[in-house]
Amino acid sequence: MANIRYITSGESHGQALTGIIEGLPSNLELSIEQIDNQLKRRQKGYGRGGRMKIESDKASVLSGLRWGKTIGSPLCLQIINKDWENWKQGMSIDSADIGSISPVTRARPGHADLSGALKYNQSDIRNILERSSARETAMRVALGAVARQFLSVFGVSIGSYIIRIGNAEIQSLDETLEELFKKAEQSEVRCPDLSATNRMKAAIDEAKEQGDTLGGTFVVFATGLPVGIGSHIQWDKKLDGRLAQAIMGIQAVKAVEFGIGSKAAELPGSQVMDEIFYDKDSGYYRKTNNAGGIEGGMTNGMPLIIRAVMKPIPTLRKPLNSVDIISKEAFKAAYERSDVCAVPACSVIAEAMTALVLADGFMEKFGGDSLEETVWNWKGYVEQVKVF
Ligand code: EPS
């Protein structure tokens, strides 16, 4: 069982999203403003559609917090959907409102629409798309923002940046992760390179004009991690496996890799492994980080480097061929409105998922019911590793 458990609920056009997270120690100071800042970051990005003009996500805490600090009980968060005002009948919980809007019957290729309708025996695809929508990720970002605040006590910080959108890619940049992150935060597509930012925006404009959508690739990183989060002992304790599942579980993510990732297939072992050195002041170190900070399913003290791919959004203004699930006739897929590109948002969501996995790994490694106890255990371990 995970040390930190969480679950979300909510439909895209329903009343609200909720999330419950359990397993954090007591006495952790939480700033709601910091949660809202993360929510704001997720809503940005060149290429978002009309919905983001309606929403301005803010979290409220319903339980688990007293006078600004956790008390060890489950923390319950809520984000209201402003768009709910327009969907009160269409997404009503009351059977009296049946038929107040037409059903969605034309499945979008690449979405959960058809498989979900068949699996859950639904003749209105809305009953599938409302939950499969990436709207739900707003709550994951809020929960991740809680995990980030916990991790920051231990000096762990998490960031991300975009390296590709469609055919527009950045050149390799010789800067620190922190510098790349800082620059990415200034870019409308979260890309640290100005010329690539402009090429990415042009690619999004072109896709929009053509009624198409674009995916891309992003890097998520974490610094300040001690050696030994995760374990080689059992398949489900391996941190890279846990991170891969968490990030792959974000809507539209199609690939996740660590360090040099799939490039390792092309290179000989001598160019893949990170050689080990020792310095009497700073201890063990490596000159390269091809492993992306994980060896044997454990952190090795180097920065964690994850790369992930988001496919293009399946809701297209120029829809693809599909079938009406009632008449079985050939039709173009349904289109209401959509984002053209949500890769910048996806990278922020992946940061949140990374934070949740790392917070779970920290609680697994250091335990503790109060933050003081967790910090005490962590300090003892860091000292043990130092004198090893
Ligand atoms: C989404 C479709 C769009 C996106 C939505 C994800 O929503 P709508 O159908 O209301 O226009 O804007 O993303 C969000 C609402 C969000 O908060 O990120 C989909 O089908 O996945």
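For the structure itself, look to the data block above.
Because the structure is predicted, anything quoted here is derived from the model rather than measured.

**So, the sheet that holds strand β15 (residues 304-310)**
Whether parallel or antiparallel, the strands of a sheet pair through hydrogen bonds between backbone atoms. Pairing in this open sheet of five strands is antiparallel, and the strands run β8-β7-β9-β15-β10 from one edge to the other. At either end of the open sheet lies a strand with only one pairing partner, and these are β8 (168-169) and β10 (253-258). Direction of pairing for β10 relative to β15: antiparallel, over a ladder of five bridges. Each bridged residue has a counterpart across the sheet, and for Ala-255 the counterpart in β15 is Val-309. On the sheet, helix α10 (residues 343-366) packs against β7 (157-165), β9 (216-223), β10 and β15 and is oriented at approximately 145 degrees with respect to β7.

**Quick word on the packing of helix α1 (residues 32-43) against helix α5 (residues 137-152)**
Across the interface, α1 lies against α5 with an axial gap of 9 Å and an inter-helix angle of 135 degrees. The orientation of α1 relative to α5 falls into the category oblique. Handedness of the α1/α5 crossing: right-handed. Residues Gln-34, Ile-35, Gln-38, Leu-39, Arg-41 and Arg-42 of α1 lie in contact with α5, whose contacting residues are Thr-137, Ala-138, Val-141, Ala-142, Ala-145, Val-146, Arg-148 and Gln-149. For the contact of α1 with α5, the class distribution of residues is seven nonpolar, four polar and three charged.

**A word on a nonpolar patch on the surface**
Where nonpolar side chains cluster on the molecular surface, the patch consists of Ile-276, Tyr-278, Tyr-284 and Phe-388 and spans about 550 Å² of accessible area. Examined against the element boundaries, Ile-276 turns out to sit in strand β11 (residues 276-279). Overall, Ile-276 belongs to the exposed group, its relative accessible area being 56%.

**Here's the deal with the packing of α1 against α10**
Here α1 crosses α10 at 145 degrees, and the two axes come no closer than 7 Å. On the side of α1, the interface is formed by Gln-38, Arg-41 and Arg-42, while α10 contributes Ala-345, Val-348, Ile-349 and Glu-351. Across the contact of α1 with α10, the residue classes break down as three nonpolar, one polar and three charged.

So, how was this worked out
- Residues numbered from 1 in each chain as written.
- Predicted model: local features only at pLDDT ≥ 70, side-chain atom pairs only at ≥ 80, totals over all residues.
- Heavy atoms only, no water.
- Pairing = 2+ DSSP bridges.
- Helix = DSSP H or I, 4+ residues; strand = E, 2+ residues; numbered from the N terminus.
- Contact = heavy atoms within 4.5 Å.
- Axes fitted to C-alpha atoms, helices over the stretch in contact; angles between N-to-C directions.
- Parallel < 35°, antiparallel > 145°, perpendicular 65-115°, else oblique.
- Left-handed = near helix turned anticlockwise from the far one by under 90°.
- Nonpolar A, V, L, I, M, F, W, Y, C, P; charged D, E, K, R; others polar.
- Patch = residues over 30% accessible without salt bridge, like charges linked within 9 Å, V, L, I, M, F, W, Y side chains within 5 Å.
- Areas by Shrake-Rupley, 256 points an atom, 1.4 Å probe, with all protein chains shown as cover.
- Salt bridge = Lys/Arg side-chain N within 4 Å of Asp/Glu carboxyl O.
- Buried < 20%, exposed > 50% of the residue type's maximum accessible area, 1.4 Å probe, protein only.

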